[in-house]
Amino acid sequence: MRLANLQGRATLMFETGIVDVEEASAGEFSPDVQALFPVWDAFSAWAASDAAAVATVPAPGPLGAALEAVVPRPGQVFAVGLNYREHAIEAGLPIPEVPLVFTKFPSSVAAPHGVLELPTDQVDWEVEVAVVIGRTARRISQAEAWRHVAGVTGSQDFSARDVQLLGGAKPQFSLGKSFEGFTPLGPVLTTVDEFDNPDDIVLETRLNGESVQKSSTADLVFTVPQIVSYLSHIVTLRPGDVILTGTPSGVGLGLQPPRYLVDGDEVTTYVEGVGEMQHLCRAPEVPFDPIALLA
Ligand code: ZN
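Residues numbered from 1 in each chain as written. Predicted model: local features only at pLDDT ≥ 70, side-chain atom pairs only at ≥ 80, totals over all residues. Heavy atoms only, no water.

### A few points about the overall build of the protein
- If you tally the helices and strands in the protein, you get nine helices and 18 strands.
- What you see for the protein is a C-alpha radius of gyration of 19 Å, in line with the 19 Å of a compact globule of 295 residues.
- Counting every position in the protein, which comprises 295 residues, the buried fraction comes to 51%.
- Accessible surface, the protein: about 13000 Å² in total, of which carbon and sulfur atoms supply 54%.
- Here the protein holds 17 positive side-chain charges and 37 negative ones, and the gap between their average locations is 6 Å. (Helix = DSSP H or I, 4+ residues; strand = E, 2+ residues; numbered from the N terminus. Rg over C-alpha atoms; globule rule 2.2 N^0.38 Å. Buried < 20%, exposed > 50% of the residue type's maximum accessible area, 1.4 Å probe, protein only. Areas by Shrake-Rupley, 256 points an atom, 1.4 Å probe, with all protein chains shown as cover. Lys, Arg positive; Asp, Glu negative; His and termini not counted. Charge placed at Lys NZ, Arg CZ, Asp CG, Glu CD.)

### What about the side chain of His279?
- For His279, the location among the structural elements is in strand E18 (residues 275-282).
- Side-chain polar atoms of His279 contact the backbone oxygen of Ala111, separated by 2.9 Å.
- If near-sequence neighbours (up to four positions away) are discounted, His279 is found in contact with Ala111, Pro112, His113, Gly114, Leu116, Pro184, Asp265, Glu266 and Val267. (Polar contact = N/O pair within 3.5 Å; in protein donor to acceptor, adjacent residues only side chain to side chain. Contact = heavy atoms within 4.5 Å.)

### Some points on the coordination of the zinc ion
- Each protein donor to the zinc ion is listed here as Glu126 (OE), Glu128 (OE) and Asp157 (OD); together their distances run 2.0 to 2.1 Å.
- Spacing between the donor residues of the zinc ion along their common chain follows E-x1-E-x28-D. Highlighted residues: Glu128 in strand E10 (residues 127-133) and Asp157 in the loop between strand E11 (149-156) and strand E12 (159-160), separated in sequence by 29 residues.
- Among the residues examined, Glu128 registers a relative accessible area of 0% and is labelled buried. (Donors = N, O, S within 2.8 Å, 3.2 Å for Na, K, Ca; no water.)

### Examining helix H2 (residues 40-47)
- Along H2, the residues classified as buried are Trp40, Phe43, Trp46 and Ala47. Along H2, the residues classed as buried sweep out an arc of 135 degrees about the axis, all on the same side. (Arc of directions from axis to C-beta.)

### A few points about the nonpolar core
- With 34 residues, the main nonpolar core has Val131, Trp146, Val152, Val228, Leu237 and Ile243 as its most contacted residues.
- Listing elements by their share of this core, those giving two or more residues are strand E1 (2-6), strand E5 (77-81), E10, E11 and helix H8 (224-232).
- Residues from two domains meet in this core; each of domain 1 (2-67) and domain 2 (71-293) gives at least three.
- Excluding its chain neighbours within four sequence positions, the residues that come into contact with Val228 are Ile140, Ala145, Leu237 and Ile243.
- Ala10, Phe29, Ala52 and Val132 belong to the second largest nonpolar core, which has 29 residues in total. (Core = buried A, V, L, I, M, F, W, Y, C linked by side-chain atoms within 4.5 Å. Domains from an automatic or database assignment.)

### Considering the sheet that holds strand E8 (residues 113-117)
- Here five strands make up an open sheet; going across it, the order is E8-E18-E17-E14-E15 and the pairing mixed. In this open sheet, the two strands that pair with only one neighbour each are E8 and strand E15 (210-216). Between one strand axis and the next, the sheet turns by 20 degrees as a mean value, whatever way the strands run.
- As defined by bridge partners, strand E14 (residues 202-207) adjoins strand E17 (residues 266-271) across five bridges and the pair is classed as antiparallel. Paired with Thr205 across the bridge in E17 is Thr269. (Pairing = 2+ DSSP bridges. Axes fitted to C-alpha atoms, helices over the stretch in contact; angles between N-to-C directions.)

### Focus on the domain arrangement of the protein
- Domain parsing of the protein yields domain 1 (2-67) and domain 2 (71-293).
- Domain 1 and domain 2 are separated by 25 Å when their C-alpha centres are compared.
- Taken together, the 15 residues of domain 1 in the interface contact 21 residues of domain 2.
- Roughly 1400 Å² is buried in total at the junction of domain 1 and domain 2, and carbon and sulfur atoms are behind 56% of that figure.
- Three residues, Arg2, Gln34 and Phe37, lead the burial of domain 1 against domain 2; their summed loss comes to 44% of the area buried on that side.
- Its salt-bridge partner being Arg135, residue Asp41 comes within 3.1 Å of it at the nearest N-O pair.
- On the surface where domain 1 and domain 2 come into contact, there are five residue pairs in polar contact (both at pLDDT 80 or more). (Buried area = accessible area lost by both parts, 1.4 Å probe. Salt bridge = Lys/Arg side-chain N within 4 Å of Asp/Glu carboxyl O.)

### A word on the pairing of E18
- The pairing of E8 with E18 spans five bridges and is parallel. Within the sheet, the bridge partner assigned to Leu116 lies in E18 and is Cys281.
- The pairing of E17 with E18 spans six bridges and is antiparallel. The residue of E18 that forms the bridge with Thr269 is Met277.

### Things to note about the packing of aromatic side chains
- Per the stated rule, a full pass over the model turns up nine aromatic pairs.
- Between Trp40 and Phe43, the ring centres sit 5.3 Å apart and the planes meet at 55 degrees, which makes this aromatic pair tilted. Residue Trp40 and its partner Phe43 are located together in helix H2, separated by three residues, close to a single helical turn. For the pair shown, Trp40 and Phe43 are each scored as buried.
- Their ring planes at 70 degrees and their centres at 5.3 Å tell us that Phe102 and Phe173 sit as a pair that is edge-to-face. Highlighted residues: Phe102 in strand E6 (residues 100-103) and Phe173 in helix H7 (residues 173-176), separated in sequence by 71 residues.
- With relative accessibility at 8%, the residue Phe102 sits in the buried group.
- Here Phe173 falls in the partly exposed class, since its relative accessible area comes to 24%.
- Taken together, the ring pairs in this structure connect Phe29, Phe37, Trp40, Phe43 and Trp46 into an aromatic cluster. (Phe/Tyr/Trp six-rings, centres within 6.5 Å; stacked < 30°, edge-to-face > 60°.)

Now the structure itself:
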């Protein structure tokens, strides 16, 4: 099943067309995608039935700009740092012995297509495969992990490197990665059963058409089952929570000299089985200046 958030309405995406969830279910299921995760078992059973497919109508042309974040209001957004070996090497940091987890604040969630405002001149790209929790997960094993995942989507962990590293010895990952628009989610959510191997999903960033990052989740240091199980022994993972699983090598910070996003850049984010997101970068009239703000 592929689920989209089309102008605020939960929409199933089939080869033959689209289905409005609320209409086709005669109001049994909410048009709000976020409200589907707490009832994911019932919803996904209905979505897989003939009752859903029979309501298919042709898509009204390309959906790009009409798509909103496929998880619009996650309760929690986790991200895993240095989770691809080559990326840890390019960052000049040791490969972690346990997952290096930080938060991206949910207000940074954004649509899969649109404008990315660049608050500073050191905004970097980080394509990531994101998983969305579909069942409450508390102290679960690795073997149980995928059964607690509603599906997979694409993300960018956009990062203002200068802000991320403010504070010297105690860098502030969470704020530097949580500016408005820094966590696009989409274009759709694809359920785990759609993947031949959910632990081998290709992901890529293209910058102005040029491939700058390309890898597969088969290269993760800590796998999705390891991350979900590990987190569930610390926090309760709730339906609709999102976990970004890490970025492969090829970020701007790792280039010599470093390269960051500039006004007019086009970032294309690809995740196998999920599709592409596109963001156009724009420099704001007034850049973020922490020293001036605090004067
Ligand atoms: Zn990241």
